[in-house]
Amino acid sequence: MKNNHELKPLYLTLAASSVAGYFYVPKANWPACSLVIAACLLVTFLGREKIEDERVEHLKLKAIKAAFAASFILVFLYTWLIATIRQEGWRNQFLSAFDLIILVMLIALGLFHYWRWQDGWTGVAK
Amino acid sequence: MKNRLKELRAAREWSQGELAERLAVSRQTINAIETEKYDPSLPLAFKIAKLFKCPIEEIFTDHG
């Protein structure tokens, strides 16, 4: 997917605005907000980096694999917790598909940038 | 996989950034290769060998 990496701060700002909008706009609903957030994070992760080389592709693949595995465990634990809580109001708090995409993308983005930072940090550039 | 990339780069007095530009990769990738965190793909390895005018085997050696 071709995407100017300079637009990424814009997408992240839009995602953050959606989160803020959900909390501060009275009629905001989470399904609509989560759709916007999921879309922004997806475009941010899948978009091209400033220099899109093989190491970037390798790290992105590694990050998404780890993110899916971690998300599965977290969602399983969350679902189990929700299913065992028998209080009114908690029974319908299951995650939507967009919630899952948000979780996967947050973990994947975090891992990718952390590993990228590690790549550039260890050893001193001359 | 061990490599002599840092040594070869230093001999030409190139920075990691300069080498990255010549190979059309990022500086972080060069650092990752030099610190043996990442083994380059075959096309990149050939590009490196061509740039330094060395056979691949003189630049990259297997641990075993």
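For the structure itself, consult the block above.
Everything in this summary refers to the structure shown in the same document. None of the values given here were measured: they were computed from a predicted structure. (Residues numbered from 1 in each chain as written. Chains lettered and ligands numbered in written order. Predicted model: local features only at pLDDT ≥ 70, side-chain atom pairs only at ≥ 80, totals over all residues. Heavy atoms only, no water.)

All told, the structure shown has 6 salt bridges over all chains when counted by the stated rule. Notably, a salt bridge pairs A:Glu49 with A:Lys8, separated by 2.6 Å at the nearest N-O pair. Of this pair, A:Glu49 sits in the loop between α2 (30-46) and α3 (54-84) while A:Lys8 sits in helix α1 (residues 8-24), and the two are 41 residues apart along the sequence. Taking relative accessible area as the criterion, A:Lys8 reaches 10% and is therefore assigned buried. B:Glu7 is the salt-bridge partner of B:Arg4, the closest N and O atoms lying 3.0 Å from each other. (Salt bridge = Lys/Arg side-chain N within 4 Å of Asp/Glu carboxyl O. Helix = DSSP H or I, 4+ residues; strand = E, 2+ residues; numbered from the N terminus. Buried < 20%, exposed > 50% of the residue type's maximum accessible area, 1.4 Å probe, protein only.)

With 15 residues of chain A at the contact, the number on the chain B side is 16 residues. The contact between chain A and chain B buries some 1,300 Å² in all, and 48% of this surface belongs to carbon and sulfur atoms. Taken together, the connections running from chain A to chain B amount to 0 salt bridges. Applying the counting criterion to the chain A and chain B interface returns 7 residue pairs in polar contact (both at pLDDT 80 or more). Within the residue set of the side of chain A that touches chain B, elements represented by two or more residues are α3 and α4 (97-121) of chain A. A total of 5 residues in the side of chain A that touches chain B trace back to one element, the largest contributor, which is α4(A). Class assignment of the residues belonging to the side of chain A that touches chain B gives a composition of 4 nonpolar, 5 polar and 6 charged. (Contact = heavy atoms within 4.5 Å. Buried area = accessible area lost by both parts, 1.4 Å probe. Polar contact = N/O pair within 3.5 Å; in protein donor to acceptor, adjacent residues only side chain to side chain. Nonpolar A, V, L, I, M, F, W, Y, C, P; charged D, E, K, R; others polar.)

Geometric values such as these leave the question of function open.
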